[in-house]
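Residue strings, one per chain:
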Amino acid sequence: MATVAIDLLKNEIPVEEDEPLLLSGDVNTGLVLVDIVNGFCTVGAGNLAPVAHDKQISAMVDESVKLAKMFCEKKWPIYALRDSHHPDVPEPHHPPHCITGTDESKLVPALQCLENEPNVTVRCKDCIDGFVGSIEKDGSNVFVNWVKANEIKSLLVVGICTDICVLDFVCSTLSARNRGFLSPLEDVIVYSPGCATFDLPVQIARNIKGALPHPQELMHHVGLYMAKGRGAKVVSEISFDTMTKET
């Protein structure tokens, strides 16, 4: 029944994908990794981590690692967001998670090498929206400065959760672009296989106080649909132009 319902929804609100993305040195492109941390991606790592192997999350991590390696080889800019919360500042309605200084808030093992790469900017955030979480106390924004310093025209976004942290970041970035705050940024691109969300079936959610049902495949689709509706491009295929030189 659930599969039938999801198929019906996809027919009613299809996500019309854009042309496969070809990445080359001709257009300054930045990669944003949203919350690919242990607390959301590593089995048993915390309150919001998967309790068993999750195919969608595992595939997202694999795709993100592949992209990150290619961007590092080409010395292209990467902005890695890490969910990181102070223990005394809750984030309703979620249970404590990704506490600052714990393994939960660290990038997954396959991405931890990025911490030492010169083309990578790592930003710890204490809220769902990575754009807002990049605001400093003086009002400056680390992400905005990163876009401008690298003269990024195309932004490629991957991570977790498709319908929560990824979507919020994409929507805020698009709004800032539309207001002219992110020049020279033109395109925000969501790579669907590089995104994932969590699964909380209704029969389990009923037994968890304050929990909301969250069917994985359905909400992943809704996240992509909402991002597309806000003005992002959505692609399912990416290739690199092997003829271009590293910058």
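Owing to the predicted nature of the structure, the values given are computational and were not obtained by experimental measurement.

Visitor: Quick question: what am I supposed to make of the overall build of the protein chain here?
Guide: Within the protein chain, the secondary structure is distributed over seven helices and eight strands. Taking 2.2 N^0.38 as the reference for a compact globule, 247 residues should give roughly 18 Å; the C-alpha atoms of the protein chain span a radius of gyration of 18 Å, in line with that estimate. When the backbone C-alpha atoms are referred to their principal axes, the protein chain occupies close to 55 × 45 × 35 Å. By residue count, 47% of the 247 residues in the protein chain fall in the buried class.

Visitor: Please explain the packing of aromatic side chains as it appears in this structure.
Guide: Two aromatic rings, taken as a pair, are described by how far apart their centres are and by the angle between their planes. By the definition in use, this model includes eight aromatic pairs. In this structure an aromatic cluster arises from ring pairing among Y79, F131, F143, W146 and F169.

Visitor: Please clarify how the state of the cysteines should be interpreted in this entry.
Guide: What makes a disulfide is a covalent bond joining the sulfur atoms belonging to two cysteines. By the definition in use, this model includes zero disulfides. C165 provides the cysteine sulfur closest to C161, a residue in no disulfide bond, and the two sulfurs are 6.1 Å apart. A relative accessible area of 9% places C161 in the buried class. Sulfur of C195: no disulfide; nearest cysteine sulfur belongs to C161 and is 10 Å away.

Visitor: Looking at this structure, how should I read the environment of R230?
Guide: The residue R230 is located in helix α7 (residues 216-230) in this model. In this structure, the C-alpha to C-alpha distance between R230 and L174, residues 56 residues apart in sequence, is 7.4 Å. Once residues lying within four places of it in the same chain are set aside, the contact partners of R230 are C171 and L174.

Visitor: Looking at this model, I keep getting lost on the UniProt feature "domain: Isochorismatase-like" (unreviewed entry) in the protein chain. Mind explaining?
Guide: UniProt records the feature "domain: Isochorismatase-like" (unreviewed entry) at residues 30-199, using the numbering of this structure. End C-alpha atoms of residues 30-199 are separated by 29 Å, and the span's content is 27% helix alongside 20% strand.

Visitor: Any chance you could explain the side chain of H220 here in plain terms?
Guide: Examined against the element boundaries, H220 turns out to sit in helix α7. One polar contact links H220 to T162, side chain to side chain, over a distance of 2.8 Å. With residues up to four places along the chain from it excluded, the contact list for H220 reads Q56, T162, S192, C195, A196 and T197.

Visitor: How do you make sense of helix α4 (residues 142-149) when you look at a structure like this?
Guide: Think of an α-helix as turning once every 3.6 residues; residues three or four places apart then point the same way. Taken together, the buried positions of α4 are F143, V144, W146 and V147. Around the axis of α4, the buried residues are gathered within 160° of arc, so they sit on the same side. E151 lies just past α4 and shows a positive phi near 50°.

Visitor: Sorry if this is basic, but what is going on with the pattern of salt bridges here?
Guide: Oppositely charged side chains can pair when the atoms bearing their charge come close. If you walk through the whole model with that rule in mind, you get ten salt bridges. Between E136 and R123 there is a salt bridge, and its shortest N-O distance comes to 3.3 Å. Remark: R123 occurs in strand β4 (residues 120-125) and E136 occurs in the loop between β4 and α4; sequence separation between them is 13 residues. Exposure remark for E136: the relative accessible area of 34% places this residue in the partly exposed category. A salt bridge links D187 to K233, with the shortest nitrogen-to-oxygen separation between them at 3.5 Å. Residue D187 is located in strand β6 (residues 187-196), and its partner K233 is located in strand β7 (residues 233-235); the two are separated by 46 residues in the primary sequence. Overall, the relative accessible area of 25% leaves D187 in the partly exposed class. Among the residues examined, K233 registers a relative accessible area of 33% and is labelled partly exposed. Salt bridges linked by common partners bring D35, D83 and K125 together as one network.

Basis of the calculations
Residues numbered from 1 in each chain as written. Predicted model: local features only at pLDDT ≥ 70, side-chain atom pairs only at ≥ 80, totals over all residues. Heavy atoms only, no water. Helix = DSSP H or I, 4+ residues; strand = E, 2+ residues; numbered from the N terminus. Rg over C-alpha atoms; globule rule 2.2 N^0.38 Å. Buried < 20%, exposed > 50% of the residue type's maximum accessible area, 1.4 Å probe, protein only. Phe/Tyr/Trp six-rings, centres within 6.5 Å; stacked < 30°, edge-to-face > 60°. Disulfide = S-S within 2.5 Å. Contact = heavy atoms within 4.5 Å. UniProt positions renumbered as here; feature names shortened; annotations may be inferred. Polar contact = N/O pair within 3.5 Å; in protein donor to acceptor, adjacent residues only side chain to side chain. Arc of directions from axis to C-beta. Salt bridge = Lys/Arg side-chain N within 4 Å of Asp/Glu carboxyl O.

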